[in-house]
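Close look at the chain arrangement
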Amino acid sequence: MNNQMRITAIVGSYRKGGVVDTVIDEILNASRAEGAEVTKIYLVDKHIEFCTNCRSCTQQKGKKRGECPIADDMSTILDEIEQSDAIVLGSPMNFGTVTAVMKRFIERLICFAYWPWGMNAPKQRNKRKEKRAVVVASSAAPAFIARLSTQMVGLLKKAASLLGAKTIGVLFIGLAAGKQQQPIGERTRKKARRLGKKLASTHH
Ligand SMILES: Cc1cc2nc3c(=O)[nH]c(=O)nc-3n(C[C@H](O)[C@H](O)[C@H](O)COP(=O)(O)O)c2cc1C
């Protein structure tokens, strides 16, 4: 029997070793210390096309995600996520929302909705949330001001929900652009490690 938790993190930052990446590493290191198997995916390294709004994936019935006709890295990433017990979604705040690479990824999640022609709004195929998620965001502005001004946390939670995950923690790191290599503070590090541990625990 294999009880090992699998955790997949999606990095929507353009900067490897930047604030979002560093915080995600803290989370994953804490999860790994609890025995979890962790994978980190940098969206910038992947071939992900824009959703063309062809609606082909949304016509298909059933609980399973609809098949997208675009042949790129998206289906492999989604397979990896579907085989995971928990996910981490992280993005800096750019112009008030997630980065363009993260948004491009999120738009492709429409395959998790059923939306045939003639229906006004998409319906999430599977509302069961058997996975857990942690959402990470960063901004140049102080966190409390940034959080008031943005809908990106809700957007990342929505993405987690489409991927079958309930968000159990949000880490919003403000003052993330003061230096070229902005170090993360001790409180952020502690919170990241606590959330990483929580993600890896087998108790729901
Ligand atoms: C194009 C661009 C737009 C940005 N827009 C905002 C913004 O609207 N609000 C803000 O607080 N910070 C903004 N920033 C700062 C980034 O949020 C900050 O550099 C980032 O959170 C650092 O994370 P990283 O180290 O993972 O790249 C912007 C940065 C860039 C490059």
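Quick look at the structure, then. It should be emphasised that the depicted structure is a prediction, and the values quoted were computed from it without experimental measurement.

Considerations on the overall build of the protein chain
When helices and strands are counted, the protein chain shows seven helices and seven strands. N-terminal to C-terminal, the α/β element order of the protein chain is β-α-β-α-α-β-α-β-β-β-α-α-β-α. Taking 17 Å as the expected radius of gyration for a compact globule of 204 residues, we find that the protein chain reaches 17 Å, a close match to that expectation. For the protein chain, the C-alpha atoms occupy an extent of roughly 50 × 45 × 30 Å along the three principal directions. Among the 204 residues that make up the protein chain, the fraction classed as buried is 38%. Counting only contacts in the protein chain whose residues sit at least 6 apart along the sequence, the fraction spanning at least 24 positions is 79%.

Looking at the sheet that holds strand β1 (residues 6-11)
The five strands lie next to each other as β2-β1-β3-β6-β7, forming an open sheet whose pairing is parallel. Either end of the sheet is taken by a strand with one partner, and the two such strands are β2 (37-42) and β7 (165-173). Between one strand axis and the next, the sheet turns through 15° on average, direction left out of account. Inspection of the sheet shows β1 paired to β2 by six bridges, in the parallel sense.

Thoughts on the nonpolar core
Ranked by internal contacts, the top residues of the largest apolar core, which has 51 residues, are I27, I87 and V88. Looking at this core element by element, the count peaks at seven residues for helix α1 (residues 19-33). With sequence-adjacent residues up to four places away left out, I87 is seen in contact with T8, A9, I10, I81, K131, A133, A160, L163 and A165.

A few points about the site of the ligand
Every one of the 18 residues lining the ligand counts as a neighbour, but S13, G18, P92, S138 and S139 are closest to it. By residue number, the principal contributor to the shell around the ligand is α1, which donates three residues. Across the shell around the ligand, the residue classes tally to 10 nonpolar, six polar and two charged.

Section: the environment of R32
Residue placement: R32 occurs in helix α1. Taking C-alpha positions, R32 is 20 Å from I184, a pair spaced 152 residues apart along the chain.

Notes on unusual backbone geometry
Look at N53: it is not a glycine, yet its phi comes out positive at around 60°. With respect to the secondary-structure elements, N53 resides in the loop between β2 and α2 (56-59).

Considering the pairing of strand β3 (residues 86-92)
Of all seven residues that make up β3, seven are buried, and the element is covered over most of its length. Of the strand pairs in this sheet, β1 and β3 are connected by five bridges, and their pairing is parallel. If you follow I10 over to β3, its bridge partner there is L89. Across seven bridges, β3 lies against strand β6 (residues 131-138) in parallel orientation. Looking at the pairing, P92 lines up with S138 of β6.

What about helix α6 (residues 152-162)?
Here α6 has its buried residues at M152, L156, A159 and A160. Seen end-on, α6 carries its buried residues on one side only, within an arc spanning 100°. At its buried positions, α6 is contacted by β3, α4 (100-107), β6 and β7. Phi turns positive, to about 85°, at G164, one or two residues after α6.

Reading the values: rules and limits
Residues numbered from 1 in each chain as written. Predicted model: local features only at pLDDT ≥ 70, side-chain atom pairs only at ≥ 80, totals over all residues. Helix = DSSP H or I, 4+ residues; strand = E, 2+ residues; numbered from the N terminus. Rg over C-alpha atoms; globule rule 2.2 N^0.38 Å. Buried ≥ 20, exposed ≤ 12 C-beta atoms within 10 Å, placed from the backbone. Contact = placed C-beta atoms within 7 Å. Pairing = 2+ DSSP bridges. Axes fitted to C-alpha atoms, helices over the stretch in contact; angles between N-to-C directions. Core = buried A, V, L, I, M, F, W, Y, C linked by C-beta atoms within 7 Å. Near = placed C-beta within 6 Å. Nonpolar A, V, L, I, M, F, W, Y, C, P; charged D, E, K, R; others polar. Arc of directions from axis to C-beta.

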